[in-house]
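A look at the structure
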Amino acid sequence: MSNPELADKIADYAFGNMSEREREAFAAALKHDPELAAEYATVWQPVIEALPLAAPLVQLPAAMRQRVLQAALQGEPATVMPRAAQAGGAIATPMQAATLQPAMSRPAPVGSPQTDFPATNPWRNLVALFSRPQFALGGMALMLIISLISVTWAVSLNAQHESDMAHLDQQQAAINALIADRNAHMVALQPTANWKAGYGTAFYDPNQNVVYITLSGPPPQTAMDCQLWGMKNGQATSLAVFTMNGWLVSYMAHAPTNLKSYDKLMLTWEKPGGAAQPDPKWIMLEGPMQNN
Amino acid sequence: MGNDPDWPKQMESVDYQSLNDQQLMMRLAERDADALTAIYDRYARPIYSLAIKIMGKPERAEEVVQEVFIKLWRKPYSYDAQRGAFINWVLGVTHNQAIDELQRERNHERTISHSLPSDGDEEQSIDVADPGPDPAEQAWYSVRLDIMRVALTQLPAPQREVIELAYFSGLTQVEIAARLAEPLGTIKTRTRLGLQKLKVILEEEGLRSER
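Rules of the game
Residues numbered from 1 in each chain as written. Chains lettered and ligands numbered in written order. Predicted model: local features only at pLDDT ≥ 70, side-chain atom pairs only at ≥ 80, totals over all residues. Helix = DSSP H or I, 4+ residues; strand = E, 2+ residues; numbered from the N terminus. Buried ≥ 20, exposed ≤ 12 C-beta atoms within 10 Å, placed from the backbone. Contact = placed C-beta atoms within 7 Å. Axes fitted to C-alpha atoms, helices over the stretch in contact; angles between N-to-C directions. Parallel < 35°, antiparallel > 145°, perpendicular 65-115°, else oblique. Left-handed = near helix turned anticlockwise from the far one by under 90°. Nonpolar A, V, L, I, M, F, W, Y, C, P; charged D, E, K, R; others polar. Core = buried A, V, L, I, M, F, W, Y, C linked by C-beta atoms within 7 Å. pLDDT = per-residue confidence, 0-100. Pairing = 2+ DSSP bridges.

1. Remarks on the overall build of chain B
Looking only at helices and strands, chain B features 10 helices and zero strands. Helices and strands appear in chain B in the N-to-C order α-α-α-α-α-α-α-α-α-α. Taking all 211 residues of chain B together, 43% fall into the buried category. The contacts of chain B with a sequence gap of at least 6 include a subset with a gap of at least 24, amounting to 62%.

2. Topic: the packing of helix α1 (residues 4–15) of chain A against helix α2 (residues 20–30) of chain A
All names here are of chain A. Where α1 contacts α2, the axes come no closer than 11 Å and their chain directions differ by 125°. In terms of axis orientation, α1 runs oblique to α2. For the crossing formed where α1 meets α2, the hand is left-handed. For the pair formed by α1 and α2, the contact residues are Leu6, Lys9 and Tyr13 on the first element and Arg23, Phe26, Ala29 and Leu30 on the second. Residues of the contact of α1 with α2, tallied by class, amount to five nonpolar, no polar and two charged.

3. Brief notes about the environment of Pro4(A)
Residue placement: Pro4(A) occurs in helix α1. Remark: the alpha-carbon pair of Pro4(A) and Leu36(A), spanning 32 residues in sequence, is separated by 9.6 Å.

4. A word on the nonpolar core
With 76 residues, the main nonpolar core has Leu36(B), Ile47(B), Ala51(B), Val65(B), Phe69(B), Val90(B) and Ala166(B) as its most contacted residues. Tallying contributions element by element places helix α3 (residues 33–55) of chain B first for this core, with 14 residues. Among residues more than four places away in sequence, those in contact with Leu36(B) are Leu69(A), Ala72(A), Leu28(B), Phe69(B), Leu72(B) and Trp73(B).

5. Concerning the confidence of the model for chain B
Residue and element names in this part refer to chain B. Averaged over all residues, the pLDDT of chain B is 76; the fraction at 70 or higher stands at 73%. Predicted confidence for residues 111–134 stays below pLDDT 50, and this span has 37 contacts to residues more than four positions away or in other chains. Here the predicted complex carries an ipTM of 0.73, next to a pTM of 0.49.

6. What to know about unusual backbone geometry
A positive phi is found at Arg31(B), a non-glycine position, where the angle reads about 65°. Here Arg31(B) is to be found in the loop between α2 (21–29) and α3.

7. Quick notes on the packing of α2(B) against α3(B)
Residue and element names in this part refer to chain B. Following both chains from N to C, one finds α2 and α3 inclined at 145°, their axes separated by 7 Å at the closest point. In this structure, the crossing between α2 and α3 has a hand that is left-handed. Within the contact between the two elements, α2 uses Leu24, Arg27 and Leu28 and α3 uses Ala35, Leu36, Ala38 and Ile39. When grouped by side-chain class, the residues that make up the contact of α2 with α3 number six nonpolar, no polar and one charged.

8. Some points on the pairing of strand β5 (residues 235–243) of chain A
Strand residues, when the strand is regular, have side chains that alternate between the two faces of the sheet. Residue and element names in this part refer to chain A. As judged from the eight bridges shared by strand β4 (residues 225–232) and β5, these two strands associate in the antiparallel manner. Paired with Asp225 across the strands is Thr243, a residue of β5. The hairpin turn running from β4 into β5, its antiparallel successor, is two residues long, and Asn233 in that turn takes a positive phi close to 50°.

Written out as structure tokens, the structure reads:
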């Protein structure tokens, strides 16, 4: 038997017409009322999720596109961050899923496996198809094939991982040897405003030939190479181009270059092969040469 | 690279129209403005349509759309694909934004003048959404639109009225009872019956289109 007090409020909760405090209290109480929770999940949520579709489609104002996009892009730029923590519990309230800002205070419709239109969503159709007895065998066969492919892929991925680890270990050993050499030095590279997410180090050997760089994390997926530049009196000279390799964070220079004559190092993301001159907007790290 | 200000977009030759919603949102998280444009081109129309249904006036609807896209740009990681389709989520965000605006206005003016959507609204319906880059997805969305619109019109008027007041006008059950001068229990019963009936209609329509 459902709690009558809760049942009284379920419409306001489902339609999003509650304050944030009321909504949280209701959601917590709903977890302890399986009967009402089931009703919410099977009757209220699926229908309310579909209600936005009842709005008749209207034509967009011609100039709105530019105004909206311009306003959005002038705002604070997005940053890559871990996904916001999701509220726990068995009942996903619409609010938890649809909220963009924690301060927003009302539930809203969202999709869920139970609530989308089963007949019109291609994925739901697939599920329904394999639920039928005549297709069950075929479905199982397909699942078996998918499982085999997945296992093969996982084995291959693991082999690649092992190879990368060995490569990384080898590079790390070389760097450790350099550091152990009392004549070896390094230049700390600090992030510029273009790349707030990491830092790096350039290592050079006793003859001041740069041999490695290390990064605190992988570069953006869009970057294929990074390029080290030496700066002297405002002039940039390309010192080395490093080929990016997935998640690896240390790279060996293909053609070591002498650093003696520079007073600052910079690192840029580049197209394959590097560039003739650095573009200021792609300067991600920089650091002064040390007199040692 | 110094002579190529649009790198890396040009370098990659990304076909944004071919990317799915989740891929676009991932690019948004990488501050890719073209991804935002692609999302706008794909979904601005249903978003704007919902906003105008709730807000009533085009200029206020546009403000809602603008807020939604500002939030998308600022916090793209708020979308979790595991929780459902992007279109449902972004329409939910739009609904939140629009209802918040309405309630702010009500708190300010203390008057409720929002008119009920009438049957004539359906005549405002023009056609299906512009053909998008993902025909299957667009077709699926168009079918859903049609089903939902038809389903709502099949409800008895009193039941449809309370559902529309609750969803499109953001009124609580108590407020609806006061507005319609009906007992609260009647409003709750109508709402519940309306929802149950809608569910049955939607399921039937769904099954019909499956065949």
